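# Report on the structure
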Amino acid sequence: MATHNELGKWGEEQAVAFLQQKGYTIVERDWHSGHRDIDIIAFDEENRTVVFVEVKTRKNRLFGEPEEAIDYRKRQNLAQAINHYVKYKQLRQPIRFDVISIIGTTGAEFEIDHIEDFPLF
């Protein structure tokens, strides 16, 4: 597996642990709708909300903040995948889109930032 793929998988593991510590229930991981995917689908018990989470992991800030990599095309794909999931599961609960930004690497200290209600557009 390529190094960037390993870093991404590690970042998703950190994000899952972080969300669970905050009381979220993980419903799905790496859910696919065709070629589109959603990294994490969780349930926020406190707010009774289904949360769709995009995880962005970077070694450093050399090229900016991780969440800046969520460009227009990625937002479109996420919106379509979320829409498909909501219809497929016939969800009636409120939904929200969040981003978890991680800076660091395995075996070292890292920063994690949970950006709730990140705008898709």
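Below, the structure is looked at part by part. (Residues numbered from 1 in each chain as written. Predicted model: local features only at pLDDT ≥ 70, side-chain atom pairs only at ≥ 80, totals over all residues. Heavy atoms only, no water.)

The subject of this paragraph is the pattern of salt bridges. Pairing between side chains of opposite charge can happen when the charged atoms of each approach one another. Scanning all chains against the criterion turns up eleven salt bridges. In this structure, the salt-bridge partner of Glu-13 is Arg-29, at a minimum N-O distance of 2.9 Å. You can see Glu-13 sitting in helix α1 (residues 3-21) and its partner Arg-29 sitting in strand β1 (residues 24-33), a full 16 residues away along the chain. With a relative accessible area of 35%, Arg-29 lands in the partly exposed category. Between Glu-65 and Arg-61 there is a salt bridge whose closest N-O contact spans 2.8 Å. Since its relative accessible area comes to 28%, Glu-65 is described here as partly exposed. (Salt bridge = Lys/Arg side-chain N within 4 Å of Asp/Glu carboxyl O. Helix = DSSP H or I, 4+ residues; strand = E, 2+ residues; numbered from the N terminus. Buried < 20%, exposed > 50% of the residue type's maximum accessible area, 1.4 Å probe, protein only.)

Before going further, it helps to examine the layout of surface pockets. In this structure, the largest pocket encloses a volume near 380 Å³. Taken together, 17 residues line the largest pocket, and the ones lying closest to its centre are His-4, Gly-8, Lys-9, Glu-12 and Val-55. Taken together, the elements giving at least two residues each to the lining of the largest pocket come down to α1, β2 (36-44) and β3 (49-58). Considering each element in turn, the lining of the largest pocket owes the most residues, seven residues, to α1. Its residues assigned to classes, the lining of the largest pocket comprises three nonpolar, five polar and nine charged. (1 Å grid on protein atoms, 1.4 Å probe; cavity = no way out; pocket = protein on both sides within 12 Å on 5 of 7 lines; lining within 4 Å. Points joined across faces, edges and corners; volume = space filled by probe spheres on them. Nonpolar A, V, L, I, M, F, W, Y, C, P; charged D, E, K, R; others polar.)

A few words on the packing of aromatic side chains. What the rule picks out here adds up to five aromatic pairs. With 4.9 Å between their ring centres and 90° between their planes, Trp-31 and Tyr-85 make a pair best called edge-to-face. Of the two residues, Trp-31 sits in strand β1 while Tyr-85 sits in helix α2 (residues 72-89), which places them 54 residues apart along the sequence. Summarising the burial analysis for this pair, Trp-31 and Tyr-85 share the class buried. Judged by centre distance (5.6 Å) and plane angle (80°), the ring pair of Phe-52 and Tyr-85 falls under edge-to-face. Note that Phe-52 is positioned in strand β3 and Tyr-85 in helix α2, a separation of 33 residues in sequence. For Phe-52, a relative accessible area of 1% puts it in the buried group. (Phe/Tyr/Trp six-rings, centres within 6.5 Å; stacked < 30°, edge-to-face > 60°.)

By size, the foremost hydrophobic cluster in this structure holds 16 residues, and its most contacted members are Ile-38, Ile-41, Val-50, Phe-52, Ile-82, Tyr-85 and Phe-97. Elements with a minimum of two residues in this core: β2, β3, α2 and β4 (95-103). When residues in this core are grouped by element, the largest group, four residues, is from α2. Once residues lying within four places of it in the same chain are set aside, the contact partners of Phe-97 are Phe-52, Glu-54, Leu-78, Ile-82, Glu-116, Asp-117, Phe-118 and Leu-120. Core analysis: the second largest hydrophobic core is formed by 13 residues, Leu-7, Ala-42, Val-53 and Ile-102 among them. (Core = buried A, V, L, I, M, F, W, Y, C linked by side-chain atoms within 4.5 Å. Contact = heavy atoms within 4.5 Å.)

Here we take up α2. Its 18 residues give α2 an end-to-end C-alpha distance of 26 Å, which sits within 8% of 26 Å, the value for a rise of 1.5 Å per residue. For α2, the set of buried residues is Lys-74, Arg-75, Asn-77, Leu-78, Ala-81, Ile-82 and Tyr-85. One side of α2 carries all its buried residues, which in axial view fall inside an arc of 160°. Residues of α2 that are exposed and point over 90 degrees away from its buried face: Tyr-72, Arg-73 and Lys-87. (Expected span 1.5 Å × (residues − 1). Arc of directions from axis to C-beta.)

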